[in-house]
Each structure stands twice: as C-alpha cells, then as structure tokens.
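If you want the building blocks of each chain, they are given just below.
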Amino acid sequence: MEQRKPLFIANWKMNKLSKEVVAFVPIFYEAIQSVSQKCEIVLAPVAVYLSKLIEATRSTSIQVAAQNCGGAKSGAFTGEISPVMLKELGVNWVILGHSERRHVFKEDEALVSARLKAAIEEGLLPVFCVGEKLEERKSGQTFAVIERQLKGLKELSENHLKALTIAYEPVWAIGTGENATSAQAQEVHAFIRQWLSKNISSPFANGTRILYGGSVKADNSSQLMAMEDVDGLLVGGASLDPLSFGEIVKKGLNS
Ligand code: 13P
C-alpha cells in the first residue's frame, strides 16, 4: 500500500491581517520543528495575503493554499481568481467545495466541479471538501450526500486525480465546537475510500489522503488521527493561534 504522509492544513477563512499572517510563521515553525519531516503542512490565508505568506515561508517546509479558485483560466468573472494566477504567485494548493462556499455562497456541484477541473489542469493540488448537514445526518442521508458530492470526480482522468486530496467536513461540526467522534469520522472516511476504490481504482483509493475537518482541537487531534482512514486534519478556528495549531500537529502525530 502506498504511503499516505500525514497532512495538516490551516484554513484561516476570512481572518488575520497581513502582520498577523507574517508573525504566525516563525512561532509556528519553531513549535513544529521536531516533526516537520514527518508530515506536510499547508496554510491557507485570504487571497490578498498569499504573496506575503509565500515570502514568509520561503525558507521553511510550510506550503501555501488558496481558499478557492476560479473555474476558468481568465475571462469575465468579476471577483474570481484563476488557477493560472495562483500558480503565477507560487501557490501550489487550493481548497475547493468548502461547506461555506457550498452553503453560504451557494456554489453548486457543477460550479465546484468546474473549479476542480480548472485547478487540476493548471497543476494545483486541490483539497476537495465534502460533508453532510445536520438534518441530512439525522435523516440517514450522510452517505447519499457524500456520494452525490463525489460523483463529479468520475469525469476526471485518474492521471488528473493524482493531485487530489479529499476532506470530510461534516457541516454540523464546523465552527460549532462539536467535532465528529473518531468513530463517526472513520465510518465516513472508510465509505469515501470504498467509493474511490469502486469508482476510480483501488491503488488510487489506497494512495489518496482523506482529511477530517470540523472543530479539531489539540485535545481531539490524536484520537482522530489514530483512525485508519484519517490521513490528516483541516483546521479552522484552532489553527489561528500558532501554538494551538502546533499542538494539533504534534498530538496528531503522537509526538
Ligand atoms: P473549525 O475547525 O473552526 O470547526 O473549521 C473547520 C473548517 O471549516 C476547516 O476548513
């Protein structure tokens, strides 16, 4: 089985001004020095500070992600940032289909799929987010929702899909303080991996990282990461503080 190196991503959402973005890096990097070779770490600031963060992380192993990208190379798409532009800045990663994009900004499957295709074509590494709402979980729809969100992946070639990371973020766990239990996370992660195996291929399923996100903190990262199919964490609120995110990484690696 292929190795799935642990991956920790900080999604800062619409937080942190440029000074805070830059100040985060040395404190965080020092905190995770001892484990930096054992994992990959990606920070996702708001788009206007991507360049600042790339500069601030230049002599480190920390990588940088955008929180979204446009679905075309260029054109009449006011407010969008194309994957070509992100690449030009030196950004390698992009978060796509985040629940806030899907539910607050009403991005539908077709739009998320177009963004994903454009990102992959430009050589970005997408973190494709899926997850059910509370009422969907309560009515037993979790797997059906996840399956619907994953369906667009079938249109991409396996060669293109190599770049992909998936993140399971149950909507009811995001920013609520109520994380999925490690058993709940494992159940959905295993379902996602089975779906990938059936619909793409078994080597692809085995080699693809599936991250968990939703109220991850230093005191639950170790239990979540202990699950067989949890390969990393996508962290919102608790990633804003460098020492807190550092603890999440270290505890997640059991170091
Ligand atoms: P919280 O960690 O604040 O719940 O946010 C999770 C998230 O949305 C990460 O993308």
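Here the structure is a predicted model, which is why all the values come from computation and not from measurement.

A word on the sheet that holds strand 3 (residues 63-66). Taking strand neighbours around the barrel as the criterion, the 8 strands line up as 1-2-3-4-5-6-7-8 in a closed arrangement whose pairing is parallel. Pairs of neighbouring strands in the sheet enclose a mean axial angle of 25°, with direction left out of account. As paired strands, strand 6 (residues 165-168) and strand 7 (residues 210-213) are joined by 3 bridges and run parallel to one another. Bridged to Ala167 within strand 7 is Leu211.

Glancing now at the nonpolar core. One finds Ile41, Leu153, Ile192, Tyr212, Leu233, Phe245 and Val249 to be the most contacted residues of the largest nonpolar core, which totals 66 residues. With residues up to four places along the chain from it excluded, the contact list for Phe245 reads Phe8, Ile9, Ala10, Phe24, Phe28, Ile41, Leu43, Val235, Ala238 and Ser239. Counting residues in hydrophobic clusters, the runner-up holds 12 residues, among them Leu7, Ala167, Leu211 and Leu234.

What follows concerns the site of the ligand. Near the ligand, the surroundings consist of Asn11, Lys13, His98, Glu169, Ala173, Ile174, Gly175, Gly214, Ser215, Leu234, Gly236 and Gly237. Between an oxygen atom of the ligand and a main-chain N or O atom of Gly236, the distance comes to 2.9 Å. Interatomic distance of 2.8 Å between a backbone N/O atom of Gly237 and an oxygen atom of the ligand. For the ligand, the protein covers 95% of the area, taking 310 Å² as the surface of the free molecule. When the residues that make up the shell around the ligand are grouped by side-chain class, the tally is 3 nonpolar, 7 polar and 2 charged.

Rules behind the numbers
- Residues numbered from 1 in each chain as written.
- Predicted model: local features only at pLDDT ≥ 70, side-chain atom pairs only at ≥ 80, totals over all residues.
- Heavy atoms only, no water.
- Pairing = 2+ DSSP bridges.
- Helix = DSSP H or I, 4+ residues; strand = E, 2+ residues; numbered from the N terminus.
- Axes fitted to C-alpha atoms, helices over the stretch in contact; angles between N-to-C directions.
- Core = buried A, V, L, I, M, F, W, Y, C linked by side-chain atoms within 4.5 Å.
- Buried < 20%, exposed > 50% of the residue type's maximum accessible area, 1.4 Å probe, protein only.
- Contact = heavy atoms within 4.5 Å.
- Near = heavy atom within 4 Å.
- Polar contact = N/O pair within 3.5 Å; in protein donor to acceptor, adjacent residues only side chain to side chain.
- Areas by Shrake-Rupley, 256 points an atom, 1.4 Å probe, with all protein chains shown as cover.
- Nonpolar A, V, L, I, M, F, W, Y, C, P; charged D, E, K, R; others polar.

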